[in-house]
Amino acid sequence: MLYLVGLGLDDGEITQKGLKALENAEKAYAEFYTNTETVSVEELEEKTGTEIEKLSREKVEQEDIILESAEEKDTAFLVSGDPLTATTHYEIKHRAVQRGIETTVVHAPSIFTSIAETGLNVYKFGRTVTLPEDFAPESITEHIEKNDSIGLHTLVLLDINYDGSKAADKLVKIDESLEGRRAVLVERANADSMNAKVIELGEEFETGETPHCLAIVGKTDHMEEEFLESHDG
Ligand SMILES: C[S@@+](CC[C@H](N)C(=O)[O-])C[C@H]1O[C@@H](n2cnc3c(N)ncnc32)[C@H](O)[C@@H]1O
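Every value quoted in this text rests on a predicted model; they were computed, and no experiment measured them.

**So, the overall build of the protein**
Then, in step 1: Broken down by element type, the protein carries nine helices and ten strands.
Then, in step 2: For 233 residues, the compact-globule formula gives about 17 Å, and the C-alpha radius of gyration of the protein, at 19 Å, lands near that figure.
Then, in step 3: Expressed as lengths along the three principal axes of its C-alpha atoms, the size of the protein is roughly 55 × 35 × 30 Å.
Then, in step 4: Counting across all 233 residues of the protein, residues that qualify as buried make up 48%.
Then, in step 5: Within the protein, contacts between residues at least 6 apart in sequence are counted, and of these 74% link residues at least 24 apart.
Then, in step 6: A total accessible area of about 11900 Å² is found for the protein, and carbon and sulfur atoms account for 45% of it.

Here's what the structure looks like:
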């Protein structure tokens, strides 16, 4: 059995079901390269009695350590946020099914739902884009344009340590027409120190600790506008 267990975005967000799965597992792996390490692995080990091994990106993406382990024994794979919302983890589930490994997914809070803290209605987001720090995929502009054409908001995910102000700057460099566009910067969603503020792409603004993401504002209704106004930065 392979348990894909979400850790949520902040310490204490693993569910009772997640803890139970970890207890049932004979071996557990965790990865923290798609998101910040917000939990104490040692505390989880103590609580559940299961040893947890942290894996690098290479180990997760290029080797089949997790699936090989799950073929032999009950194995848990711990991931930040929700287990099926990062492409890598989604692919692991897919490959597990192909190899005939039984899987159980234990969901947890995710940036895809916490983005609602911006005040933008989650039903009104279009295709999500990812902006890496070291290059600029052309598809980003295309997806933002498509979302814009039908009034949808765009969630822009960033590399984990990528500063939101630098990312906002890069968006304008990639596509000049985005200059002056309203967006919401979300910092450390779900943490006590969470902050959301309305910014204009291309303008300088202060940021705090990562992780950050941006929501480019599409067509809003009255309630969304009132919510946006309530952010004091
Ligand atoms: C590849 S996504 C993984 C999403 C994760 N599986 C989930 O369910 O939330 C990681 C990116 O989401 C955004 N993100 C994750 N946690 C965040 C948080 N607490 N506050 C703001 N942005 C966050 C950041 O841009 C981060 O680099």
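Picking up after the structure, the text goes on.
**As for the environment of E203**
Then, in step 1: Looking at where E203 falls in the secondary structure, it is placed in the loop between strand 9 (195–200) and strand 10 (212–216).
Then, in step 2: E203 sits in the partly exposed class, given a relative accessible area of 47%.
Then, in step 3: As for E203 and R181, which are separated by 22 residues in sequence, their C-alpha atoms are 9.7 Å apart.

**Here's the deal with the sheet that holds strand 7 (residues 154–158)**
Then, in step 1: Strand order in the open sheet formed by five strands is 6-7-10-8-9, and the pairing between neighbours is mixed. Only two strands of the sheet have a single partner each, and these edge strands are strand 6 (129–131) and strand 9. Taking the axes of each pair of neighbouring strands and ignoring which way they run, one obtains an average angle of 25° across the sheet.
Then, in step 2: Strands in contact with helix 7 (residues 139–149) are strand 6, strand 7 and strand 10; relative to strand 6, the strand with the most contacts, it is inclined by about 140°.

**Thoughts on the side chain of H212**
Then, in step 1: Mapped onto the elements of the fold, H212 is located in strand 10.
Then, in step 2: You can call H212 buried: its relative accessible area is 4%.
Then, in step 3: Here H212 is in contact with L158, Y162, D163, G164, L185, V186, E187, R188 and T207, once residues within four sequence places are set aside.

**Some details on the side chain of K170**
Then, in step 1: Here K170 is to be found in helix 8 (residues 164–174).
Then, in step 2: Those residues within four positions of K170 in sequence are excluded, and the remaining contacts are L131, P132, E133, D134, F135, A136 and Y162.

**A short note on the site of the ligand**
Then, in step 1: Not every one of the 19 residues close to the ligand is listed here, only the nearest: T85, S110, I111, L158 and H212.
Then, in step 2: One of the backbone N or O atoms of D82 is found 2.8 Å from an oxygen atom in the ligand.
Then, in step 3: Relative to its free-state accessible area of 570 Å², the ligand is covered by the protein chains to the extent of 94%.
Then, in step 4: For the shell around the ligand, the elements supplying multiple residues, two or more each, are strand 7 and strand 10.
Then, in step 5: Three or more residues apiece are contributed to the shell around the ligand by two domains, here domain 1 (2–109) and domain 2 (112–231).

**Details of the domain arrangement of the protein**
Then, in step 1: Entries for the protein in the domain assignment read domain 1 (2–109) and domain 2 (112–231).
Then, in step 2: Counting residues at the interface gives ten residues for domain 1, matched by eight residues for domain 2.
Then, in step 3: Linking domain 1 with domain 2 are one residue pair in polar contact (both at pLDDT 80 or more).

**Some words on the sheet that holds strand 2 (residues 27–31)**
Then, in step 1: Taking strand neighbours across the sheet as the criterion, the five strands line up as 3-2-4-1-5 in an open arrangement whose pairing is parallel. Looking along the sheet, the strands with just one partner apiece sit at the ends: strand 3 (52–55) and strand 5 (103–106). Taking each pair of neighbouring strands and ignoring which way they run, the sheet shows an average axis angle of 20°.
Then, in step 2: Here strand 2 pairs with strand 3 via four bridges, running parallel. Bridging from a neighbouring strand, E31 pairs with L55 of strand 3.

**What about the nonpolar core?**
Across soluble globular proteins, nonpolar side chains show a tendency to be buried alongside one another.
Then, in step 1: Formed by 19 residues in total, the largest nonpolar core has its most connected members in L131, V156, L171, I199, L201 and L214.
Then, in step 2: Breaking this core down by element, the ones donating at least two residues are strand 6, helix 7, strand 7, helix 8, strand 8 (182–187) and strand 10.
Then, in step 3: The greatest single-element share of this core, amounting to four residues, is contributed by helix 8.
Then, in step 4: Of all hydrophobic cores here, the second largest spans 18 residues; its members include V5, A28, V39 and A76.

What counts, and where the lines are drawn
Residues numbered from 1 in each chain as written. Predicted model: local features only at pLDDT ≥ 70, side-chain atom pairs only at ≥ 80, totals over all residues. Heavy atoms only, no water. Helix = DSSP H or I, 4+ residues; strand = E, 2+ residues; numbered from the N terminus. Rg over C-alpha atoms; globule rule 2.2 N^0.38 Å. Buried < 20%, exposed > 50% of the residue type's maximum accessible area, 1.4 Å probe, protein only. Contact = heavy atoms within 4.5 Å. Areas by Shrake-Rupley, 256 points an atom, 1.4 Å probe, with all protein chains shown as cover. Pairing = 2+ DSSP bridges. Axes fitted to C-alpha atoms, helices over the stretch in contact; angles between N-to-C directions. Near = heavy atom within 4 Å. Polar contact = N/O pair within 3.5 Å; in protein donor to acceptor, adjacent residues only side chain to side chain. Domains from an automatic or database assignment. Core = buried A, V, L, I, M, F, W, Y, C linked by side-chain atoms within 4.5 Å.

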